[in-house]
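Commentary on secondary and tertiary structure
The lines below spell out each chain.
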Amino acid sequence: MNTALHFAAQFTKDKKCIQILLENGADPLSRNRVYETPLDLASRYGKIDFVTLFLESKSDIISQIYKVGTRPKTSPFHLAARSGHKEVCRIFVEARVDINAFNAEGSTALHEATQFGKKDVVLYLLEKGADPSRKNDISQTPLELFNTFNKNAHGHVIQKLLMGIFFFFFLL
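Description of the structure in this document. (Residues numbered from 1 in each chain as written. Predicted model: local features only at pLDDT ≥ 70, side-chain atom pairs only at ≥ 80, totals over all residues. Heavy atoms only, no water.)

**Observations concerning unusual backbone geometry**
- Of note, the phi angle at arginine 96 is positive, near 70°, even though the residue is not glycine.
- Looking at where arginine 96 falls in the secondary structure, it is placed in the loop between helix 7 (86-94) and helix 8 (109-115).
- One non-glycine residue, serine 139, adopts positive backbone phi at about 60°.
- You can see serine 139 is positioned in the loop between helix 9 (119-127) and helix 10 (142-149). (Helix = DSSP H or I, 4+ residues; strand = E, 2+ residues; numbered from the N terminus.)

Shown next as structure tokens:
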């Protein structure tokens, strides 16, 4: 079931509403029926201020999401990448989320941004050191995943970015 914080994270633009809920014990990591947290929703919808508030509300929030040796079923970083929210991705990178972390499906944020055709996020992640040679659970690199699923308007740009970085990566 969704909590008031789930609804606020998704539907409000009022930062004060989020602050009041957090001050009164609302948990940004509480899960609803489909296993989403308020932090997931804020990340998916690109609500930069809310993501920042949620991260500041718990000192160990990143370690709770990305426990060593586990793969989160949902990941706010991956949701931001697949939704094309570069600034939200930046917040997670600055919070020291492993840029090459896998989600439950074995994809990295670069896989997600590539699959959904988010060229600005693809470029940002590559600039920040995302590994284009990482394979997901079905043994596909981001480029291979792109070639399988993505035929959007930015396709040629993403393909060139991945190919250029991929070949450069192996020259090192």
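**Some thoughts on the nonpolar core**
- Core analysis: the largest hydrophobic core is formed by 38 residues, its most contacted members being Leu39, Phe54, Phe77, Phe92 and Leu125.
- Contacts of phenylalanine 54, omitting those with residues within four sequence positions, involve Leu5, Ala9, Ile18, Leu22, Pro28, Pro38, Leu39, Ala42 and Ile61. (Core = buried A, V, L, I, M, F, W, Y, C linked by side-chain atoms within 4.5 Å. Buried < 20%, exposed > 50% of the residue type's maximum accessible area, 1.4 Å probe, protein only. Contact = heavy atoms within 4.5 Å.)

**Regarding helix 1 (residues 4-11)**
- Turning to helix 1, its buried residues number three or more, namely Leu5, His6, Ala8 and Ala9. In an axial view of helix 1, the angular spread of the buried residues amounts to 165°, which keeps them on one side of the axis.
- If you follow the buried residues of helix 1, they end up packed against helix 2 (15-23), helix 3 (38-44) and helix 4 (48-57). (Arc of directions from axis to C-beta.)

**Describing the side chain of serine 30**
- Turning to its location among the elements, serine 30 is positioned in the loop between helix 2 and helix 3.
- Among the polar contacts listed, one links the side chain of serine 30 to the backbone oxygen of aspartate 27, at a separation of 3.0 Å.
- Beyond its immediate chain neighbours, meaning those up to four positions away, serine 30 contacts Thr3, His6, Glu36, Thr37 and Pro38. (Polar contact = N/O pair within 3.5 Å; in protein donor to acceptor, adjacent residues only side chain to side chain.)

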